[in-house]
Amino acid sequence: MLRSLSEIIEMAKGKERVIAIAGAEDKEAIKAVHEAQELGVSAILFGKKEVVESNLREIGADFPIVDCRTDEESSKEAVKYVVEGKAHIVMKGLVKTSTLLKAVLDKEHGLRTERLLSHVAVVEVPGVNRLVFVTDGGMVIRPTLEQKIQIIENAVFVAKKLGYEMPRVGLIAAVETVNPDMPETLEAAIITKMNERGQIKNCKIDGPLGIDNALSVYAAEVKGVKGEVAGHADILVVPDIHSGNFLGKSAVYFANGKIAGIIAGAKAPVIVISRADTSESKFASIALAIAIS
C-alpha cells in the first residue's frame, strides 16, 4: 500500500525515460519535464522549431527539437518516436487531446492495443491513510458494463506496476445496496459476481459501495458492510466521467489534496496534463508515467 505521491516519485528516480512532448510550444509542458530532470528524465520536443527554441531559452532548458508545422504532425511524430523505441512516454503539450489520442489510436502507426483507453487518477488526501486510485474521470463518458470491466483492468494494471499484489476495487454508487432504479448498482453487483467467479482476475472487487464505506472502516462497520474491500478500497470505480471528474477535483479544491493522472490502455503511458494543474501535480503525473513504464 502506498501512502503518498512522494513514494511514486521515489520509484521513478533513476529510470532514465525519454518523454515525447507533442505540441512543445507549450511552456508549461517544457517546465514540467525540465523540473523532472532530477528523476533522470529527458525529452524530445515536437513543434514549431522557432517557437520551441524561444521557450527553451526563456526557461533555461535544453532538449532536442523535431520541427513539426501542424498539431497533427506533432502528435504523429511524437507517437512514432515511442513506437520506434526512441522515447518511452507520450505527453500532451499545446495540442488538443483529441488530436493526440487520434495519433495514439492509429491502427497502423499508433500505440493502440485491444484495450480501452481510460484515465487513472492517483489521489493523496489529508485524512485518508493511503493513496486512492480514481477511474475513470477523464476519458469514457458513460461506460457500459463491458467498458467498466476494461476500466477496472487498466487501473489494476497501473496499481500492480506500483507494487500492489491484489488491489481492492470498490464500485462506487450513491448507495451500497442494489436498487433496480439505479442501473450502476445492478452493474456493480454483476461485476462483483464476475470477479468472484474468476472472470475478472488479479484484484478483489466489491460493489455497490458508497464512497464512505469504501474508504472508511468505521463507516463500513456502522452500515454493516462486510468484505475484504469495504473500508479498504485502493481503487474507486465511478459510474461516469462526471462523478470521477468531480471526485478528483474535489480532493484537490475541497481537501487540499494532491493528484497525479495517466491515460492507461495504450502500449505506453500517455500524460495529459491540464494547464490548471499545479506544478506539483504535473511533476507527480510525470513520475507516475515513469514508474509504470
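Everything discussed here concerns the structure shown above.
Cut-offs used in this document
Residues numbered from 1 in each chain as written. Predicted model: local features only at pLDDT ≥ 70, side-chain atom pairs only at ≥ 80, totals over all residues. Heavy atoms only, no water. Helix = DSSP H or I, 4+ residues; strand = E, 2+ residues; numbered from the N terminus. Rg over C-alpha atoms; globule rule 2.2 N^0.38 Å. Buried < 20%, exposed > 50% of the residue type's maximum accessible area, 1.4 Å probe, protein only. Contact = heavy atoms within 4.5 Å. Areas by Shrake-Rupley, 256 points an atom, 1.4 Å probe, with all protein chains shown as cover. Lys, Arg positive; Asp, Glu negative; His and termini not counted. Charge placed at Lys NZ, Arg CZ, Asp CG, Glu CD. Core = buried A, V, L, I, M, F, W, Y, C linked by side-chain atoms within 4.5 Å. Expected span 1.5 Å × (residues − 1). Pairing = 2+ DSSP bridges. Phe/Tyr/Trp six-rings, centres within 6.5 Å; stacked < 30°, edge-to-face > 60°. Salt bridge = Lys/Arg side-chain N within 4 Å of Asp/Glu carboxyl O.

Caption draft 1: Spatial organisation of the overall build of the chain. When you go through the chain residue by residue, the secondary structure sums to eleven helices and eleven strands. Relative to the globule expectation of 19 Å for 293 residues, the C-alpha radius of gyration of the chain, 19 Å, shows essentially globular dimensions. Dimensions of the chain, computed from C-alpha atoms along their principal axes, come out at roughly 60 × 40 × 30 Å. Counting across all 293 residues of the chain, residues that qualify as buried make up 53%. Long-range contacts, defined here as pairs at least 24 residues apart, represent 66% of the contacts in the chain between residues at least 6 apart. Only carbon and sulfur atoms are counted for the fraction: they give 51% of the accessible area of the chain, which is about 13600 Å². Treating the 36 positive side-chain charges of the chain as one cloud and the 39 negative ones as another, the clouds have centres 2 Å apart.

Caption draft 2: Focus on the environment of A61. Here A61 lies in the loop between helix 3 (49-59) and strand 3 (65-67). The spacing of A61 and I19 is 42 residues in sequence and 14 Å in space, taken between C-alpha atoms.

Caption draft 3: Layout of the nonpolar core. By size, the foremost hydrophobic cluster in this structure holds 60 residues, and its most contacted members are I8, M91, I152, L162 and I286. Ranked by residue count, the leading element in this core is helix 11 (residues 279-292), at nine residues. If you look at the next biggest cluster of nonpolar residues, it comprises 24 residues, including V90, L100, L111 and L117.

Caption draft 4: Seen up close, unusual backbone geometry. A cis amide bond links T135 with the next residue in sequence, D136, at an omega value of 0°. The topology assignment puts D136 in the loop between strand 6 (132-135) and helix 6 (145-161). Following G207, the chain continues to P208 via a peptide bond in cis, the omega torsion being 5°. Within the secondary structure, P208 is located in strand 8 (residues 204-209). We note that N202 has phi near 70°; this positive angle belongs to a residue other than glycine. Among the secondary structure elements, N202 is positioned in the loop between helix 7 (183-196) and strand 8. For N256, which is not a glycine, the phi torsion comes out positive at approximately 55°. With a relative accessible area of 66%, N256 lands in the exposed category.

Caption draft 5: Expanded view of helix 11. If you check helix 11, its first and last C-alpha atoms are 20 Å apart, about what 14 residues at 1.5 Å a residue would give, namely 20 Å. Counting buried residues in helix 11 gives twelve out of 14 residues, a clear majority hidden from the surface. Among the residues of helix 11, S281, K282, F283, A284, S285, I286, A287, L288, A289, I290, A291 and I292 are the ones counted as buried.

Caption draft 6: Representation of the side chain of H119 in the model. With respect to the element layout, H119 can be found in strand 5 (residues 118-124). The exposure class assigned to H119 is buried, which follows from its relative accessible area of 18%.

Caption draft 7: Looking closely at the pairing of strand 10 (residues 258-264). Most of strand 10 is tucked away, with six of its seven residues classed as buried. As defined by bridge partners, strand 5 adjoins strand 10 across seven bridges and the pair is classed as antiparallel. Directly across from E124, in strand 10, lies its bridge partner K258.

Caption draft 8: Representation of the packing of aromatic side chains. Across all of its chains, the model carries two aromatic pairs by this definition. Ring centres of F46 and Y81 lie 5.0 Å apart, and the angle between their planes is 80°; this geometry places the pair in the edge-to-face category. Taken together, the residues span a long stretch of sequence, with F46 in strand 2 (residues 42-47) and Y81 in helix 4 (residues 71-83) at a distance of 35 residues. Residue classification places Y81 among the buried residues on the basis of a relative accessible area of 18%.

Caption draft 9: Region of the structure containing the pattern of salt bridges. Considering all chains together, one arrives at 14 salt bridges under this definition. Between R69 and D67 there is a salt bridge whose closest N-O contact spans 2.7 Å. The exposure class assigned to R69 is partly exposed, which follows from its relative accessible area of 40%. For the salt bridge of E84 with K86, the shortest nitrogen-to-oxygen distance reads 3.1 Å.

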